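Read off the chains here:
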Amino acid sequence: MINLVEHALAAVAIQAVIALISRNWWIGAALASGYFLGREAAQAEYRWIEQFGDGLRANLPWWGAADARLWTQLAQVADWLGPILATMLVAVVISRRRKPGTGAG
C-alpha cells in the first residue's frame, strides 16, 4: 500500500513539473501515467520471461505483459492504476478551477 501512495505522489510531482513547463496539466498527467504504466509493463515482461519463457526474452510474445496470469496481486495493478487515477484527478480539479479564457488546461 505504501508503494501506491509513493507512486501516486511521484506521478503528481512529475505532472506538476511538466504542467509548469507546458502550462497543461493533462500533458503532465499523460507523461507521468505513461512512465508508471511502462515501468509496470516492463516488470510484467520480466515476470512472464521468468515464469513462462524459460528465462529467454526471445520467447516473450508481443502480448506477454498483458497476460492476466501475471497480474495476480492487487499491488501490481495499483502500482500503475494509482498514478493514473491521481494525475487524472489533479488534472480534472485544476481544469475545473480555471476560468474561461485563462489559457489551456
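Residues numbered from 1 in each chain as written. Predicted model: local features only at pLDDT ≥ 70, side-chain atom pairs only at ≥ 80, totals over all residues. Heavy atoms only, no water.

> Which residues make up the side chain of Gln 76, and what values do they have?
Within the element layout of this structure, Gln 76 appears in helix α3 (residues 74-97). If sequence neighbours within four positions are ignored, Gln 76 has contacts with Glu 40, Arg 47, Leu 70 and Trp 71. (Helix = DSSP H or I, 4+ residues; strand = E, 2+ residues; numbered from the N terminus. Contact = heavy atoms within 4.5 Å.)

> How would you explain the nonpolar core if you had to name every residue and give the values?
Formed by Ala 44, Trp 48, Ile 49, Leu 60, Ala 65 and Leu 70, the largest nonpolar core amounts to six residues. When residues no more than four places from it in sequence are discounted, the contact partners of Ala 65 are Ala 41, Ala 44, Glu 45, Leu 70 and Trp 71. (Core = buried A, V, L, I, M, F, W, Y, C linked by side-chain atoms within 4.5 Å. Buried < 20%, exposed > 50% of the residue type's maximum accessible area, 1.4 Å probe, protein only.)

> Go over the packing of aromatic side chains, please, and point to the residues and values.
Counted according to the given criterion, the structure contains three aromatic pairs. Taking 4.9 Å as the distance between ring centres and 85° as the angle between the ring planes, the aromatic pair formed by Tyr 35 and Phe 36 counts as edge-to-face. Residue class for Phe 36 comes out buried when judged on its relative accessible area of 5%. Geometrically, the ring pair formed by Trp 48 and Phe 52 is tilted, given 5.8 Å between the ring centres and 55° between the ring planes. Of this pair, Trp 48 and Phe 52 both sit in helix α2 (residues 25-52), four residues apart, roughly one helical turn. When its relative accessible area of 32% is taken as the criterion, Phe 52 is described as partly exposed. Aromatic rings pair up to connect Trp 48, Phe 52 and Trp 63 into one cluster. The positively charged end of Arg 47 is found above the aromatic ring belonging to Trp 71, 5.1 Å away from the centroid. Directly above the ring of Phe 52 sits Arg 69, whose terminal nitrogen or CZ lies 3.9 Å from the centroid. (Phe/Tyr/Trp six-rings, centres within 6.5 Å; stacked < 30°, edge-to-face > 60°. Lys NZ or Arg CZ within 6 Å of the ring centre and 35° of its normal.)

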